[in-house]
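# A look at the structure
So you can see what is in the structure, the chains are spelled out below.
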Amino acid sequence: MPIALVWLACAGRRPAFAPGDELWRQGTDPTASLEKEQPVPAPPRSDLTPSSPRTLDAGPDLPSSGEVNSEAANAVAPGSPANGAVGPGSGPKSASDNLVGAAWILASGLAATALYVAVETLSQTLSTQMIAFLRTLLGLWVLAPMAFSGVLWRLRLTRPWLHLARGVLMGAALNLGFFALANLPLATATILFFLAPIFVTALAGLLFRESVGPWRWGAVGVGFIGALVILQPGAAPVNVAMLAAMLCAACFSVALLLSRVIAREDGAQAVMATSTAVAAVVCLPVALPVWRMPDTQVEWLWVAVLVAASSLRMYADIQAYAKGEAGFVAPFSYMRLLFVAAAGWWVFNQAPEPNALIGGAVIVAAALVIAYREAQIRRAAAPPS
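### A closer look at the confidence of the model for the protein
- On average, the protein scores 76 in pLDDT, and the residues at 70 or more come to 75%.
- Taking the mean pLDDT of every element in the protein, the minimum, 49, falls on helix α1 (residues 2-10) and the maximum, 95, on helix α5 (residues 160-183).
- Note that residues 6-60 has pLDDT below 50 and, in this model, 184 contacts with residues that lie over four places away or in other chains.
- Between residues 62-90, whose pLDDT stays under 50, and residues either more than four places distant or in other chains, the model counts 108 contacts.

Shown next, in the form of structure tokens:
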């Protein structure tokens, strides 16, 4: 179903993704010497040009509320590329700027760790469906500035059904991701979330007919081998929580690909508004059968941690890619795995299985190869300074 939505969105047309289009890609292969790929002419640029390095599009939080896929948040956040800051792909940065960007991405990893710990803690007394609904409900605060400024009422929705599909996918990803966090060691769930950039690369090549060279196709194949090492099909019973984590990554990836279509036509703010609102509506009926609001101060405290960590992660992601080059910053995102593993061991006495560690190393290596190749391509496509 998610793949069918992407196919319908791009059927009969071939979107042009060009060098310098920072909206959704980290770069387009510009020369035959880099994976035998040729550049395409650049399309007209939108006045909203958020940056969403896809190497980090993993995890079970709404993109407008904490993912590096900040196409919506960048449109309204101070210091974002949409408001005058320099985004990824816009030129080389100094060493000090890159270090500042790396520090922000490490802060994002710590915030993500707090988010995951909050979900795991709340799941001991609340259902994950209820946690997901509270997250989306309280996440609606991001629409307040747009409503007060009047922007919300002037948004254009040229393809409402695609906006609806993306919101549904984000609501599904949130529920699946929170279920995985509650039923797997935090490190194992995080490893499987890192499949998202691999899904994006594969689906972009297959469905959007983007040029994906042999290095990145090889990394895609290696990444899925890493997933098989973790799942151990045939050697162990099917783990529903692991499948939920992988499906979370897949839904998130399809939602990102749909964003490529609708954000070009309607702008990033429309993507943020509709995804946030639709995800909240989607999560409500799922939570109704297990409805129970937090009724203790401790539970509400952890809900506050959940929302605050999501917001901090969003802000840190934006600042990281506004300050530093994506190719330099992206590898530091995988420190999140170490933070999460340490928190899982210290707070919940969790220890990842050996197969999860081996498979995780394979997945992270594959994602780093994708990030490295895209950084090479982006540098080659950048105009000389």
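### Topic: the environment of Val290
- Here Val290 lies in the loop between α10 (268-287) and α11 (297-323).
- Residues Val290 and Ser127 lie 163 residues apart in sequence; the distance between their C-alpha atoms is 6.7 Å.
- Dropping the residues within four chain positions of it, Val290 is found in contact with Ser127 and Gln129.

### Quick look at the nonpolar core
- Phe178, Leu181, Leu184, Leu192, Phe193 and Leu195 are the most contacted members of the largest nonpolar core, which has 77 residues in total.
- Per-element tally for this core: the top contributor is helix α9 (residues 240-266), with 17 residues.
- In contact with Leu195, other than residues within four places in its own chain, are Gly223, Ala227, Met246, Ala249 and Ile363.

### Remarks on unusual backbone geometry
- The residue Asn349 is not glycine, and still its phi comes out positive at about 55 degrees.
- Residue Asn349 is classed as exposed on the basis of its relative accessible area, which comes to 64%.

### Regarding the packing of aromatic side chains
- A complete count under the given rule lists six aromatic pairs for this structure.
- Considering the side-chain rings of Tyr116 and Phe193, the 6.1 Å spacing of their centres and the 65 degrees angle between planes classify their relative orientation as edge-to-face. With Tyr116 in helix α2 (residues 95-122) and Phe193 in helix α6 (residues 186-193), this residue pair connects regions lying 77 residues apart in the sequence.
- Using a relative accessible area of 0% as the deciding quantity, one classes Tyr116 as buried.
- Arranged with centres 5.4 Å apart and planes meeting at 45 degrees, the rings of Phe328 and Phe332 form a pair that is tilted.
- Since its relative accessible area comes to 28%, Phe332 is described here as partly exposed.

### Some remarks on α9
- Look at α9: 37 Å from first C-alpha to last across 27 residues, which is about the 39 Å you get at 1.5 Å a residue.
- If you look at α9, its biggest bend is around 30 degrees, right at Arg260.
- Within α9, 22 of the 27 residues are buried, which leaves the element mostly enclosed by the surrounding structure.
- Put simply, Asn239 is the residue that caps the front of α9, since its side-chain oxygen is 3.0 Å from the backbone nitrogen of Ala241.

About the criteria used
- Residues numbered from 1 in each chain as written.
- Predicted model: local features only at pLDDT ≥ 70, side-chain atom pairs only at ≥ 80, totals over all residues.
- Heavy atoms only, no water.
- pLDDT = per-residue confidence, 0-100.
- Helix = DSSP H or I, 4+ residues; strand = E, 2+ residues; numbered from the N terminus.
- Contact = heavy atoms within 4.5 Å.
- Core = buried A, V, L, I, M, F, W, Y, C linked by side-chain atoms within 4.5 Å.
- Buried < 20%, exposed > 50% of the residue type's maximum accessible area, 1.4 Å probe, protein only.
- Phe/Tyr/Trp six-rings, centres within 6.5 Å; stacked < 30°, edge-to-face > 60°.
- Expected span 1.5 Å × (residues − 1).
- Bend = angle between axes of the 7 residues up to and from the residue.
- Polar contact = N/O pair within 3.5 Å; in protein donor to acceptor, adjacent residues only side chain to side chain.

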